[in-house]
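# Structural features, examined
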Amino acid sequence: MNWIKKCLAASCALLLAAGAALPAAAGQITVNEDIAVSDGYDWTRFAGQNLTLNVYNWGLYISDGSDESVDVVSAFEELTGIRVNYTTFDSNESLYAKMKSGGASYDVIFPSEYMVGKMIAEDMLAPLDYANIPNMAAIGEEYKGWAFDPDNAYSVPYMWGTTGLIYNTTMVDEPPTDWAALWDVQYANNVLMFNNSRDAYAIAAKKLGLSLNPNSVEEVDLVMQELQDQKSVVQAYVMDEIFDKMEGGEAAMAPYYAGDALTMIADNPDLAFIHPTEGVNFFVDSMCIPATSKNKEAAEMFINYMCETSVGYANCDYIGYSTPIDAVWELLDDELKYSPIAYPGTEVMDKAEVFTTLPDEINAELDAKWSEMKSYDESGGSWMVVIFLVGAVLLSCFNIWRKVRKKVRDNY
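So, a few notes on the structure that sits alongside this text.

What counts, and where the lines are drawn
Residues numbered from 1 in each chain as written. Predicted model: local features only at pLDDT ≥ 70, side-chain atom pairs only at ≥ 80, totals over all residues. Heavy atoms only, no water. Helix = DSSP H or I, 4+ residues; strand = E, 2+ residues; numbered from the N terminus. Contact = heavy atoms within 4.5 Å. Pairing = 2+ DSSP bridges. Axes fitted to C-alpha atoms, helices over the stretch in contact; angles between N-to-C directions. Buried < 20%, exposed > 50% of the residue type's maximum accessible area, 1.4 Å probe, protein only. Patch = residues over 30% accessible without salt bridge, like charges linked within 9 Å, V, L, I, M, F, W, Y side chains within 5 Å. Areas by Shrake-Rupley, 256 points an atom, 1.4 Å probe, with all protein chains shown as cover. Salt bridge = Lys/Arg side-chain N within 4 Å of Asp/Glu carboxyl O. Lys, Arg positive; Asp, Glu negative; His and termini not counted. Charge placed at Lys NZ, Arg CZ, Asp CG, Glu CD. Parallel < 35°, antiparallel > 145°, perpendicular 65-115°, else oblique. Nonpolar A, V, L, I, M, F, W, Y, C, P; charged D, E, K, R; others polar.

With that settled, consider the side chain of Glu219. Within the secondary structure, Glu219 sits in helix α6 (residues 217-230). Contact partners of Glu219, with chain neighbours within four places excluded, come to Tyr201, Leu210, Ser211, Asn213 and Pro214.

Paired through their backbone hydrogen bonds, the strands of a sheet run either parallel or antiparallel. Read from one edge of the open sheet, three strands run β4-β3-β5, paired in parallel fashion. The two strands at the open ends of the sheet, each matched to only one other strand, are β4 (83-89) and β5 (108-109). Bridge count for strand β3 (residues 52-58) against β5 is two bridges, and the pairing is parallel. The partner of Val55 across the bridge, within β5, is Val108. Along the sheet face, helix α2 (residues 72-80) touches β3 and β4 and points at about 155 degrees away from the line of β4. On top of the sheet, helix α9 (residues 296-306) reaches β3, β4 and β5; it is set at about 45 degrees to β3, its chief contact.

Moving on, we get to helix α10 (residues 309-319). Summarising burial for α10: nine of the eleven residues are buried, a large majority. Listing the buried residues of α10 in full gives Ser310, Val311, Gly312, Tyr313, Ala314, Asn315, Cys316, Tyr318 and Ile319. Within two residues after α10, Gly320 carries a phi angle of roughly 80 degrees, on the positive side.

A cluster of acidic residues, Asp64, Asp67, Glu68, Asp71 and Asp267, forms a negative patch at the surface. For Glu68, the position within the fold is in the loop between β3 and α2.

This paragraph deals with the packing of helix α5 (residues 197-207) against helix α14 (residues 360-375). Between α5 and α14, whose axes approach to 10 Å, the crossing angle comes to 85 degrees. Between α5 and α14, the angle falls in the class roughly perpendicular. From α5, Ser197, Arg198, Ala200 and Tyr201 reach across to α14, where they touch Leu366, Asp367 and Trp370. Taken together, the residues of the contact of α5 with α14 sort by class into four nonpolar, one polar and two charged.

As structure tokens, then:
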């Protein structure tokens, strides 16, 4: 059990000793020893209908029953009689591509703010009926009404967090303070980088003193050149693979999300995390229902369930991300509640920036330049072209020489 779980376990013990019932309380229905939900909500109205919900979430982003955690999906199935087909993705871009291809049908998805805005603009999301999601009232006001969905017509906040830099204290000479450390040649082949265009772009933009939201295609080109200049230092472009690589000491540093950093530090005490001085991304991941869902009311029930205090508490306990549910935050142990990683102070948040939904022209340029950058081979691609050309010339000269020599011999 990691230190987060120890802190939360201690918090639970104190609350129980004081007479508070966790998770069950007056006006609640007990599902099991870990989960209790609000009474007065018809949780069983789909029981016996052989209904299946397809839920598509980020990897390692829910309490799933492993490592002594609570299996919140199984508890939902037990409570409602609804089966859940739960699968995962590793970036907003892969989520979007899967949705756009039409190759799969989902009922609940968990995109980040800029992707919510993009999907709203493309009519990919269904408007929510909050009569079926009364627990929206549990969400803190500071997490509602953002520009990507100002009326929360399509999205319910799930978790929030920041990006930062995680590093191995045994593999760096001096603790890094800024994003520029990811370009330091002394760590060549020991640097990991985000394997998605938006997060990677944001880091390079902040290094250059720019907004992480580009204002023109020229700005995209400038920042992507900075990423191309970094490529000779990068060992690999990764997402969920970062866990094994950083915990196993296979790289010196990497950018990643603060909630996951807590998990990695718990598994490897040699790791540490900082919020770089240039500023970071502040994100909110939301729960949404695709416009193609055939089980919208049951999907709204699932979202409402995820906003129950006991469920939100179980998720925070396991994944380490920051909660938008006020009642869950109140239950946290002070060591976690005031953690500078999970809940950074004003010195970080004042410089944090939120992704906006980009215009189509800029978005297309970002995608194109990202693909171009990823395929660029700085280490030897240009030299290989020269070598092939020289080889072709030599071969041609050799063939000409053979023909001339044969003709001279024949004449003789």
